[in-house]
Amino acid sequence: QVQLVESGGGSVQAGGSLKLSCVASGRTFGIYLMGWFRQAPGKEREFVAAIGRAVGTTRYADSVKGRFTISRDNAKNTVYLQMSSLKPEDTAVYYCAAADAVRMDWDRVGSYAYWGQGTQVTVSS
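Residues numbered from 1 in each chain as written. Predicted model: local features only at pLDDT ≥ 70, side-chain atom pairs only at ≥ 80, totals over all residues. Heavy atoms only, no water.

Where two aromatic rings form a pair, the distance of their centres and the angle of their planes describe that pair. By the definition in use, this model includes five aromatic pairs. Ring centres 6.5 Å apart and planes at 85° place the aromatic pair Tyr32 and Trp106 in the edge-to-face group. One end of the pair, Tyr32, is in the loop between strand 3 (18–26) and strand 4 (33–39); the other, Trp106, is in the loop between strand 9 (92–99) and strand 10 (114–115), and 74 residues separate them in sequence. Owing to a relative accessible area of 28%, Tyr32 belongs among the partly exposed residues under this scheme. Plain terms: the ring middles of Phe37 and Phe47 are 5.7 Å apart, the flat faces sit at 75° to each other, and that makes the pair edge-to-face. One end of the pair, Phe37, is in strand 4; the other, Phe47, is in strand 5 (residues 46–52), and ten residues separate them in sequence. (Phe/Tyr/Trp six-rings, centres within 6.5 Å; stacked < 30°, edge-to-face > 60°. Helix = DSSP H or I, 4+ residues; strand = E, 2+ residues; numbered from the N terminus. Buried < 20%, exposed > 50% of the residue type's maximum accessible area, 1.4 Å probe, protein only.)

Here it is in structure tokens:
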């Protein structure tokens, strides 16, 4: 089992920045991939970014490319999401996720076995 705890959410004005953190505990040696998803009220959970734990390859949703950066610190079992140039449409609950098996579809909810409790990000105009 892997436990994930997110932090760093909050309220910010459009154009501002926030940095989310996700700390993993438990059987972390088996983690292959970590990602960030978000869910706005009334919408489905959507992919934001992901990073491979071994090599560090990253992938992003088109909507956040150039504004968000995902990074990791394997020694601390922590993944970060630096969010800049935030827009009101970025408002959502952000979830950290981890996969403990090789996955080809990094942007699918079903590719991840473990999820955090979520952290709220609110961007006002």
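Enumeration according to the criterion identifies four salt bridges in this entry. Residues Arg38 and Asp90 are paired through a salt bridge, measuring 2.9 Å at the closest nitrogen-oxygen approach. With Arg38 in strand 4 and Asp90 in the loop between strand 8 (78–83) and strand 9, this pair connects stretches of sequence that are 52 residues apart. Residue classification places Asp90 among the buried positions, given a relative accessible area of 0%. (Salt bridge = Lys/Arg side-chain N within 4 Å of Asp/Glu carboxyl O.)

With that out of the way, let us pick up unusual backbone geometry. One non-glycine residue, Asn77, lies in positive phi territory at about 50°. Of note, Asn77 is situated in the loop between strand 7 (68–73) and strand 8. Non-glycine residue Ser85 carries a positive phi angle of around 50°. Checked against the element boundaries, Ser85 lands in the loop between strand 8 and strand 9.

Everything listed is a geometric property; what it means functionally is a separate question.
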